[in-house]
Amino acid sequence: MNKEQAMAEYSVSPGGEKYPIPMKEDYAQELKRVETLVSSARKEGKEIVVVMGVGFVGAVMAAIIADTVDKKTGKPGKFVIGCQRPSSRSYWKIPMLNEGLSPVKAEDPEVDPMIRRCVLEKKTLIATYNSDCLKLADCVVVDVQCDYSKKELGNMRTGSVEMAALEATMKTIADRVPANCLTLIETTVAPGTTEFIAWPIMKKAFETRGIKTESLLAHSFERVMPGRNYVSSIRDFWRVCSGCNAEARKRVEKFLREVLNTEQFPLTVMDRPIESETTKIVENSFRATTLAFLDEWSIFAERNGVDLIKVVNAIRMRPTHNNMIFPGPGIGGYCLPKDGGLGYWAYKHILGFEDDIFKMSTIAIDINDTRGLHVAELTRDALRNMGRQTAGAKVLLCGASYRQDVGDTRYSGSEIVVRKLTEMGADIAVHDPYVEHWYELEQQDSYPAPGHSWSRFFRNQEDLVKIRVQNDLPAALQGVAAVIFAVPHKSYLNLEPKKIVEWAGAPLAVVDCFGILNDEQIQAYFKLGCEVKGLGRGHIQRIKDQMRKAKS
Ligand SMILES: NC(=O)c1ccc[n+]([C@@H]2O[C@H](COP(=O)([O-])OP(=O)(O)OC[C@H]3O[C@@H](n4cnc5c(N)ncnc54)[C@H](O)[C@@H]3O)[C@@H](O)[C@H]2O)c1
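This write-up is about the structure you can find in this document. These numbers come from a predicted model, not from an experiment. What you see as residue numbers is a count from 1 along each chain, following the sequence as written. Only residues with pLDDT of at least 70 get local features here, since the model is predicted, and only at 80 or more are side-chain atom pairs given and counted; chain-wide, interface and lining totals rely on the full set of residues.

1. As for unusual backbone geometry
Residue Pro448 is bonded to the preceding Tyr447 through a cis peptide linkage, with omega at 0°. Unusually for a residue other than glycine, Lys123 sits at a positive phi of about 55°. A helix here means a DSSP run of H or I that spans at least four residues, while a strand means a run of E at least two residues long, and both kinds are numbered starting from the N terminus. Mapped onto the elements, Lys123 comes out in the loop between helix H5 (111–121) and strand S5 (125–128). On the neighbour-count criterion, Lys123 (15 C-beta atoms within 10 Å) is partly exposed. We note that Asp405 has phi near 60°; this positive angle belongs to a residue other than glycine. Looking at where Asp405 falls in the secondary structure, it is placed in the loop between strand S13 (394–398) and helix H14 (413–423). Exposed residues have 12 or fewer other C-beta atoms within 10 Å of their own C-beta, buried residues have 20 or more, and residues in between are partly exposed; the C-beta atoms are placed from the backbone. Overall, the presence of 15 C-beta atoms within 10 Å leaves Asp405 in the partly exposed class.

Given below as structure tokens:
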């Protein structure tokens, strides 16, 4: 590549800011900049921590570490370097962080000031693209992604773990870190990865480098939850950790006690990394399974006059069952749709077993991934009952994110609803008070990565790139034939049916995916000439029949 071609390469932030990608000749100077800062941090007695991958988790974890103070002196004890590959997709995060701006958009009001404070005031956080900064590290925290790629919708068994980013990162680390540096893998990985993939990579590199000691490798997974308590869900939360050897275990425990609130949220130290890795996978498979379990009862309820929402609420009165959750149109989020897959894949491809022991964890993922398709059926049926067709009908989906009152759209059930209805010819519009851009649609050719969009499982998806999320509900409703309440955002809970029909301009089909409508609202919609359907809400038909009877 000549200089002119290279000059033309940019990385564009979601906000539209263009950052030129550094060129080969920039690397040496960048390392000098980092070395100078590290050398003054060392003089102040700070430990040097490199966080690999400044994405959703890494950027905030880096800030939490940079914000910690030495419990004895009260002074900052760590100098943190966020390190990110300078790819056109991700490089923008580096200059943004160096300006004191968060590269991740979070509802938590703690994120932005914390990053600003650490970068601009405390000067304990910087970011770089030059991975030679690893040579200066006392501790490395790995927060790169490790995805599970599915080949078919509703059959996760044909998928596989994408190990490349993690393996490349481990090689980069192994080739550079000092012998006594602690490397902590926080990435959610397939059980066995730390001991049987990452440790051998480090061992080989250390041998080549003539290092006689064992590398210090540890594992401790993240339980971060997007939303208003984002920072707290990393810092003030129970952690599990382990090390590949006794020294690594001792070091990781010490490190986590320094940076996290382990006094109030005790740390669990496991014997081996495969145990802490398995903890994460079982924890998330358990959650995915209990959510998937209600899918069949949801159908049962719809066909037998039962309101599953009331059933769940009645069960939740019992303290031992009070965490039962109605699953809505799918599960979503980054972790639950994939983590069981990491375990399924590891059993065969890392641990070498040929038999098939997984039944529940796998089917749970398949059920959760496809639950949204039923919402399309309900919408079709509600429209049909009003004498309308899905093809050509204007349908408004309210709620693009995967859970209430957050703007996180990753793998949301709503995406499946939109894609299926689009395939059936509906003309879709989207409203969400928390989401500015629905990148899974707007940038479906490249997001979450080329070839990874759920668009690959449906026909006629091309025009979805034109969808813009609206935030004015009355305007969005104008002229729609159907509205789908997909997520129980606060602002959707008490909407007056009369207003909805007024804004739509005529009676419309109303589909409730999350127990958003109460019985009075359902009645009111019927009175206004609308049709109503809902996931797990078999009693709607009864309300409709009662109203018909009352009329005649
Ligand atoms: N996001 C969540 O809600 C959540 C919750 C719990 C656990 N986790 C786990 O945390 C891990 C990270 O997830 P995330 O949401 O931060 O992902 P992410 O995609 O937002 O961030 C990963 C970052 O790593 C970078 N990266 C990839 N390869 C790299 C390399 N070789 N060197 C340097 N940087 C590299 C990517 O460019 C990206 O910025 C995953 O294992 C995930 O399962 C995430």
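Now that the structure is up, let's keep going.
2. Some details on the sheet that holds strand S17 (residues 531–534)
Whether two strands pair comes down to DSSP finding at least two bridges between them. Taken in spatial order, the 5 strands of this open sheet run S14-S13-S15-S16-S17, and their pairing is parallel. Edge positions in the sheet fall to strand S14 (427–431) and S17, since each has one partner strand and no second. With strand direction ignored, the average angle separating the axes of adjacent strands in the sheet is 20°. For S13 and S14, the ladder comprises 5 bridges, and the chain directions are parallel. Bridging across to S14, Val395 finds its partner in Ile428. Lying over the sheet, helix H13 (residues 360–385) contacts S13, strand S15 (482–485), strand S16 (509–512) and S17, oriented at roughly 155° with respect to S16. Lines fitted to the C-alpha atoms define the axes, with helices restricted to the stretch that makes contact. Angles between their N-to-C directions range from 0 to 180 degrees. Two residues qualify as being in contact provided that their C-beta atoms, derived from the backbone, are within 7 Å of each other.

3. Some details on the site of the ligand
Taken together, 28 residues sit near the ligand, with Gly53, Gly55, Phe56, Val57 and Ser90 positioned nearest. Top element by residues in the shell around the ligand is helix H6 (residues 164–174). It accounts for 4 residues. For the shell around the ligand, the per-class residue count stands at 13 nonpolar, 10 polar and 5 charged. Any residue whose backbone-placed C-beta atom lies within 6 Å of a molecule or strand is treated as near that molecule or strand. For this classification, the nonpolar set comprises Ala, Val, Leu, Ile, Met, Phe, Trp, Tyr, Cys and Pro, the charged set comprises Asp, Glu, Lys and Arg, and every other residue, Gly included, is treated as polar.

Purely geometric numbers; function is a separate question.
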